[in-house]
Amino acid sequence: MGWSPFDEELLRIITDDAIDIAYLSVDYQTIIDKYYRPGTKVRDIILSHSSSVGEFALEISHSNSLGLDDDIVKTGAMLHDIGIILTDAPGIDCRGSAPYLCHGLLGARLLLDEGAPLWVARIAARHTGAGLTAREIKAEGLPLPCIDLLPETLLEKLICYADKFYSKSGNMQRKSIERVRASMERYGSESLARFNHLDRIFRNCPAQ
Ligand SMILES: [Fe+2]
């Protein structure tokens, strides 16, 4: 790929809170089909994972009466990981060159290049872990620009939260809340605290 996830325009768009987010619809299947060819393992993985995240996000949305549009929730879930194909993660059949941690920002760049609206690009950019802060990125030397990449809108928080319950390897079944907490804790106490904050927002979710 000829572009970097770190270009200034992308970072400005992703972090500009003054930009009005219009929830335009997206043909997610066309974007998935363009980058994930039929018959490849990575296509099966992303479709399975993203569908699971979408179904769980919809369960949470309904059980909490979040008032979010079902198509928007489903589309956000289906595209949040679109950037994995550009990363170096052979275990899940991703043969790109970027560090896996970059898949959110790479996905955001890809989505904007495909003409997708900002709301879905923001979901991709801000879903990694329970979000990442500039301080963590700097302190841990992560291969990302030192900016806050935290989920802010309710929709961004929902997709980020639901995503934590599904791995892209192993049996790909929903994890228990205890397993999710344990994996968040491995990334540090701040990460766990942010997950627990999301958990409080969505505490009526069926996983508990
Ligand atoms: Fe995901």
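Here's a quick rundown of the structure. (Residues numbered from 1 in each chain as written. Predicted model: local features only at pLDDT ≥ 70, side-chain atom pairs only at ≥ 80, totals over all residues.)

### Concerning the overall build of the protein
Selection rule: Helix numbers and strand numbers start at the N terminus; a helix is a DSSP run of H or I with at least 4 residues, a strand a run of E with at least 2. With the radius of gyration taken over C-alpha atoms, the globule rule is written as 2.2 Å times the number of residues to the power 0.38. Counting other C-beta atoms within 10 Å of each residue's C-beta, where C-beta atoms are placed from the backbone, gives the exposure class: buried for 20 or more, exposed for 12 or fewer, partly exposed between.
Secondary structure summary: the protein contains 10 helices and two strands in total. Mapped from its N terminus to its C terminus, the protein presents α and β elements in the order α-α-α-α-β-β-α-α-α-α-α-α. Its C-alpha atoms give the protein a radius of gyration of 16 Å, within 12% of the compact-globule value 17 Å for 208 residues. Summarising its shape, the C-alpha atoms of the protein cover approximately 45 × 40 × 35 Å along the three principal directions. Split into buried and exposed, the 208 residues of the protein put 40% on the buried side.

### Things to note about the packing of helix α3 (residues 41-63) against helix α4 (residues 70-79)
Selection rule: Whenever a helix is involved, its axis is fitted only over the stretch in contact; in every case the axis is a line through C-alpha atoms, and angles between N-to-C directions fall within 0 to 180 degrees. Each helix crossing is assigned a hand: it is left-handed if the near helix lies turned anticlockwise from the far helix by less than a right angle, otherwise right-handed if that turn is clockwise. Note on contacts: residues are paired as contacts if their backbone-placed C-beta atoms lie within 7 Å.
Between α3 and α4, whose axes approach to 8 Å, the crossing angle comes to 145°. Read as a crossing pair, α3 and α4 show a hand that is right-handed. Every residue of α4 that contacts α3 at S50, V53, G54, A57, L58 and S61 is listed here: D70, V73, K74, A77 and M78.

### Comments concerning the environment of R109
With respect to the helices, strands and loops of the structure, R109 is situated in helix α5 (residues 103-113). Residue classification places R109 among the buried residues on the basis of 26 C-beta atoms within 10 Å. Placed 91 residues apart in sequence, R109 and A18 show a C-alpha to C-alpha distance of 19 Å.

### Quick notes on unusual backbone geometry
Here the phi dihedral of D93 falls at roughly 65°; this positive angle occurs in a residue that is not glycine. Topologically, D93 is positioned in the loop between β1 (88-89) and β2 (94-95). Of note, the phi angle at M172 is positive, near 60°, even though the residue is not glycine. Taking the C-beta count within 10 Å as the criterion, M172 has 13 such neighbours and is therefore assigned partly exposed.

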